[in-house]
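One letter stands for each residue in the lines below.
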Amino acid sequence: MSNPRPLGRFLPGLLLGFLGGAVAMIALPITAQSPPEAPQAPAPPKKEALAHRGLDASLWMQTAAEYRACCLQAYNLATLRLQKLSEEKPVRPRAVIMDLDETVLDNAGFQAMILRSGLAFSDDLWDAWEFKYPELVGLIPGAREFIGTARELGFTVVYISNRSENYRASTVKALKCLKIEPTKDEHLLLNKGNNDKTERRDQVRKDFEVVMLVGDNLRDFDEDFAFSKLDKKFGPDELIRARKAKVDAARDKWGREFIILPNSAYGEWQKPLNKAAQDYDRLVPTFDPKKK
Ligand SMILES: [Mg+2]
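Residues numbered from 1 in each chain as written. Predicted model: local features only at pLDDT ≥ 70, side-chain atom pairs only at ≥ 80, totals over all residues. Heavy atoms only, no water.

(A) View of the side chain of Glu268. With respect to the helices, strands and loops of the structure, Glu268 is situated in the segment after strand 7 (258-260). In this structure Glu268 comes out as buried when scored by relative accessible area, which is 4%. Within the structure, the side chain of Glu268 is placed 3.1 Å from the side chain of Arg219, a separation counted as a polar contact. Of the polar contacts made by the side chain of Glu268, one reaches the side chain of Lys271; its length is 2.7 Å. Residue contacts for Glu268: discarding those within four places in its chain leaves Asn217, Arg219, Phe225, Ala226, Phe227 and Arg243. (Helix = DSSP H or I, 4+ residues; strand = E, 2+ residues; numbered from the N terminus. Buried < 20%, exposed > 50% of the residue type's maximum accessible area, 1.4 Å probe, protein only. Polar contact = N/O pair within 3.5 Å; in protein donor to acceptor, adjacent residues only side chain to side chain. Contact = heavy atoms within 4.5 Å.)

Set out below in structure tokens:
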């Protein structure tokens, strides 16, 4: 149950490696701050700083035992489902398709760096993390045990990830460090320039009956869940409602064919968001404490 990547061990190296002295200067006040004194009188309510958005989301994934329980629950359910399927005689070889990031691989160290340094996500930063620090990538709770059981039961595990094909060696190294490397090169399908995974899923379906998909982003299951597939005329509220309706329409698949892992830190769900103060419009209060 120990955290494989204590932040203090690698954050300084990451910051220096990514950003040089400038970011180290940004990070310094965070670590040098002393705890604030307890207030003498009741303080007025603090306003939320938009700059800190994402903090609770990442803290939940990195500190909440509830997050860990959700992951174990997902993988326990997936295991039970495969055990049930293994009682049936297969017509064709069978496979489980798994996403990697935040499904199997835990990038908490990267998210921590972003938040501690006050930086926004960028492809350059992510590329540096993906390419240079495979040994710092963690493991999502329950993933390794599930992969082992799936293989023992005769299912082939195929990873389909939008990590870059250019950094294949680094991704394989991360998987090897965690003892869950693919059994063959063709069982790791990376991104060659198309974030849509449909073609790669179809490629797997030529050789296997795909009995299960495991992911943290709805696009790991079906590209139909992408916001780009919805009406461009929709505003944010309609987009969000329409995507929830698509999840409801696939109700029977969740926990059976589709196993989803929680990811509050990032994902397709953010696409209609990140509009600064306008994001508050997505929150609709039904209770006004000022009204009697
Ligand atoms: Mg993912």
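After that view, the rundown keeps rolling.
(B) Spotlight on the coordination of the magnesium ion. Looking at the metal site, the magnesium ion is ligated by Asp99 (OD), Asp101 (O) and Asp216 (OD), spaced 2.0 to 2.2 Å from it. Read N to C, the donor residues that coordinate the magnesium ion are spaced as D-x1-D-x114-D. Taken as a pair, Asp101 in the loop between strand 1 (94-98) and strand 2 (105-106) and Asp216 in the loop between strand 6 (209-215) and helix 9 (236-249) lie far apart in primary sequence, 115 residues in all. Judged on exposure class, the residue Asp101 and its partner Asp216 are both buried. (Donors = N, O, S within 2.8 Å, 3.2 Å for Na, K, Ca; no water.)

(C) Focus on the packing of helix 4 (residues 108-117) against helix 5 (residues 123-132). It is the contact of helix 4 with helix 5, at a shortest axis distance of 11 Å, that shows an interaxial angle of 145°. In this structure, helix 4 crosses over helix 5, and the sense of that crossing is right-handed. Mapping the contact onto sequence places Gly109, Phe110, Met113 and Ile114 in helix 4 and Leu125, Trp126 and Trp129 in helix 5. Looking at the contact of helix 4 with helix 5 residue by residue, the classes come out as six nonpolar, one polar and no charged. (Axes fitted to C-alpha atoms, helices over the stretch in contact; angles between N-to-C directions. Left-handed = near helix turned anticlockwise from the far one by under 90°. Nonpolar A, V, L, I, M, F, W, Y, C, P; charged D, E, K, R; others polar.)

(D) Focus on the environment of Arg53. When you line up the elements, Arg53 lands in the loop between helix 1 (7-32) and helix 2 (55-63). Each C-alpha atom, one on Arg53 and one on Ala276, is 9.2 Å from the other, the two residues being 223 residues apart in sequence. Residues in contact with Arg53, not counting those within four places in the same chain, are Leu115, Asn274 and Asp279.

(E) Quick peek at the sheet that holds strand 5 (residues 188-191). One open sheet holds the five strands; their spatial order is 5-4-1-6-7, and the pairing between them is parallel. Pairing within the sheet leaves two strands with one partner each, and these edge strands are strand 5 and strand 7. Neighbour to neighbour, the strand axes of the sheet diverge by 20° on average, direction disregarded. Alignment of strand 1 against strand 6, held across five bridges, turns out to be parallel. For Val96, the partnering residue across the bridge sits in strand 6 and is Met212. With respect to the sheet, helix 8 (residues 198-207) is in contact with strand 1, strand 4 (156-164), strand 5 and strand 6, its orientation differing from that of strand 4 by roughly 160°. (Pairing = 2+ DSSP bridges.)

(F) Spotlight on the confidence of the model for the protein chain. Chain-level statistics for the protein chain give a pLDDT mean of 87 and a share of 82% at 70 or above. For the stretch residues 1-10, pLDDT sits under 50, and the model shows 17 contacts to residues farther than four places along the chain or on other chains. pLDDT under 50 marks residues 19-31. Its contacts with residues more than four places away, or in other chains, come to 14 contacts. (pLDDT = per-residue confidence, 0-100.)

(G) Local environment of the nonpolar core. Ranked by internal contacts, the top residues of the largest apolar core, which has 45 residues, are Met98, Val104, Phe146 and Tyr159. No other element matches helix 3 (residues 65-85), which puts seven residues into this core. Setting aside chain neighbours within four positions, we find Phe146 in contact with Tyr75, Ala78, Thr79, Leu82, Val96, Met98, Met212 and Val214. Formed by 14 residues, the second largest nonpolar core is a distinct cluster that contains Leu189, Phe208, Leu213 and Ala250. (Core = buried A, V, L, I, M, F, W, Y, C linked by side-chain atoms within 4.5 Å.)

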